[in-house]
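Residue strings, one per chain:
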Amino acid sequence: MVKGITLIQPRHNLAPKMGMGHIYMPTPLLCVASRLIGAGVDVLLNDENFEQYFRPTNLVGIHLGGVSYIPLAREIINERYLGHKYFIGGPVVNGLSEGQFRKLFGNNAFNGNLDSVLERELNIFRGDLKRPEETSLIEGYELICDEVMFEYLARESSLYVSQGCKFACNFCAADRTCKDPVTGKMKIVRERYRDLDVLREDLVYLANRAKRLGLSELSFYMSNLDVFQTPGKLLEFVNVVEEVRSKENVEFKLRGLSTVDSFLRTDDDIIGQLVDVGFYSVGFGVDGMTAEVWNKVKKGHNTEDKCLNAIKRAYESRITPELLMVFGHNGADTEGSLRKAYDFSKDMVEVFGAIPRPHVAKAFLPGNDGWTDLKYQSSVRTLLDHPELFHNLDFTTLPTELTHPNRELRLLTIKYFLEICNLPGNTTKYLLPIEEGMTSEQQKNVVDFNRGRYDH
Ligand code: SF4
């Protein structure tokens, strides 16, 4: 017999302990929920940003929205689910070895990202789990009551459009092209779109649900890692959005991430049509400002001219450019390159109204190249022994001795990161780190300072 499971979206790590947490529709978890329901599993959903309660099912699944959720998931397990079997899922899990996974989550933990594990543990027939790309999220949306759905749809939500990126930036932990650390072979990744007929059904459902709740506009952050990477599919997506918009009489607001390279390769016509269906802001991954840095972090597709031209083109196309500056790369950045990154950000703010989004590069985190690099293994062990330090791997957390052992680079990174944070329109709220050896009083002060400082 197929079993039942409670899927948990943990309360945001920066949310206050009580009251409303950080409200953001947990789209990846809804995809899992829909796949399981489609395979006959009885699913309960608990977004703990609304409330925390114990659901009496034997099996639970916990979604890690990023590395900062590792300590939270451990807390949830220890406080409420000891003795239960639990699944841990989310992209972070793919970056952990079996031994690291066990050390962090114990022997009752299962990898919730693996279909073979879900089939075995939930008694699902092989083949009954649809591929994520073919899965409609409507079954998951139907688990959400109107009060909660209103809170989600009144805010920006994540829209699952595609997954995967063909590029290979070494600091990035997303699903991307990379070298397998064991075999040494390159794993080539291509952007994978969802079935657009299924996406259309989801949009129609959400449009109607929004209208019933008194909302006439839906705001989405597209899941694409590089919105303009596959222009032909993007155009098909635009046509779907336009069809739903005109038939259902609902407006869409869309934004997403892009490389400057893909954006510059896209025809004016496609960009114009995307803007016409509501695309209003694009986050460009600039991530450095010299050829040396870009080469060292395997982001050789960037040049200063391309960054400038992409931001200018976005501005002229009525799209607000966001300038994502992941910098402070160990072994690559220098005072000169950090200052250039700041100067460029400042110029783009002044000339093209770009929105600064500075982030601190973390050389090792589950899924990026540094995580399996021999030179970082002692730091990785420190993290596994002190999981509360995973908070320091958040890209908005200030660098520490652990993440940036070179004192000079650490101090310079802090200086220029905070200077970009001070530019007009900046949306990054920097976080204080937890240092090894801090007293509980000092840790509490850090937690108090960071509370509510969610990233944009
Ligand atoms: S940083 Fe952006 S462009 Fe580079 S691999 Fe990651 S998603 Fe792709």
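The structure displayed is predicted, hence computed values, not measured ones.

Rules of the game
Residues numbered from 1 in each chain as written. Predicted model: local features only at pLDDT ≥ 70, side-chain atom pairs only at ≥ 80, totals over all residues. Heavy atoms only, no water. Helix = DSSP H or I, 4+ residues; strand = E, 2+ residues; numbered from the N terminus. Rg over C-alpha atoms; globule rule 2.2 N^0.38 Å. Areas by Shrake-Rupley, 256 points an atom, 1.4 Å probe, with all protein chains shown as cover. Lys, Arg positive; Asp, Glu negative; His and termini not counted. Charge placed at Lys NZ, Arg CZ, Asp CG, Glu CD. Phe/Tyr/Trp six-rings, centres within 6.5 Å; stacked < 30°, edge-to-face > 60°. Lys NZ or Arg CZ within 6 Å of the ring centre and 35° of its normal. Axes fitted to C-alpha atoms, helices over the stretch in contact; angles between N-to-C directions. Parallel < 35°, antiparallel > 145°, perpendicular 65-115°, else oblique. Contact = heavy atoms within 4.5 Å. Nonpolar A, V, L, I, M, F, W, Y, C, P; charged D, E, K, R; others polar. Salt bridge = Lys/Arg side-chain N within 4 Å of Asp/Glu carboxyl O. Buried < 20%, exposed > 50% of the residue type's maximum accessible area, 1.4 Å probe, protein only. Domains from an automatic or database assignment. Buried area = accessible area lost by both parts, 1.4 Å probe.

Caption draft 1: Main features of the overall build of the protein. Along its length, the protein carries 17 helices and 15 strands. Taking 456 residues into account, the globule formula puts the C-alpha radius of gyration at 23 Å, and the protein, at 22 Å, falls close to it. For the protein, the C-alpha atoms occupy an extent of roughly 65 × 55 × 45 Å along the three principal directions. Only carbon and sulfur atoms are counted for the fraction: they give 50% of the accessible area of the protein, which is about 19,700 Å². Of the side chains in the protein, 54 bear a positive and 62 a negative charge, and the two mean positions are spaced by 3 Å.

Caption draft 2: Broad picture of the packing of aromatic side chains. Across all of its chains, the model carries 13 aromatic pairs by this definition. On the basis of an interplanar angle of 15° and a centroid distance of 5.6 Å, the ring pair of Tyr141 and Tyr205 is categorised as stacked. Note that Tyr141 is positioned in helix α6 (residues 138-141) and Tyr205 in helix α8 (residues 196-212), a separation of 64 residues in sequence. Three or more aromatic residues link up through ring pairs in this structure, and these residues are Phe228, Phe263, Phe279 and Phe284. Taking the ring centre of Tyr280 as reference, the NZ or CZ of Lys253 above it sits at 4.7 Å.

Caption draft 3: Expanded view of the packing of helix α14 (residues 335-352) against helix α16 (residues 407-421). Contact pair α14 / α16: the axes reach a minimum separation of 10 Å and the direction vectors enclose 5°. Comparing the axis directions of α14 and α16 gives the class roughly parallel. On α16, the residues touching Glu335, Leu338, Arg339, Ala341, Tyr342 and Ser345 of α14 are Leu409, Leu412, Thr413, Lys415, Tyr416, Glu419 and Ile420. Class assignment for the residues of the contact of α14 with α16 results in seven nonpolar, two polar and four charged.

Caption draft 4: Quick look at the pattern of salt bridges. Following the criterion strictly, the structure yields 38 salt bridges and no others. With its nearest N and O atoms 2.7 Å apart, the salt bridge here joins Glu156 to Arg255. Taken as a pair, Glu156 in strand β6 (residues 156-159) and Arg255 in strand β12 (residues 251-258) lie far apart in primary sequence, 99 residues in all. The burial state of Glu156 is the same as that of Arg255; both residues are buried. Residue Arg318 pairs with Asp276 through a salt bridge whose shortest N-O separation is 3.8 Å. With Arg318 in the loop between α13 (304-316) and β14 (320-327) and Asp276 in helix α11 (residues 268-276), this residue pair connects regions lying 42 residues apart in the sequence. Taking the relative accessible area as the measure of exposure, Arg318 reaches 61% and is therefore exposed. Each member of the salt-bridge network shares a partner with another, and the members are Arg131, Glu133, Glu134, Asp175 and Arg192.

Caption draft 5: Quick peek at the domain arrangement of the protein. Considered domain by domain, the protein is made up of domain 1 (4-134) and domain 2 (144-364). When each unit is reduced to the centre of its C-alpha atoms, the spacing between domain 1 and domain 2 is 26 Å. Contact with domain 1, which involves 14 residues of that partner, is made by 17 residues of domain 2. Between domain 1 and domain 2, roughly 1,400 Å² of surface is buried when both sides are summed, and carbon and sulfur atoms account for 66% of that area. In this structure, the connection of domain 1 to domain 2 is made through one salt bridge.

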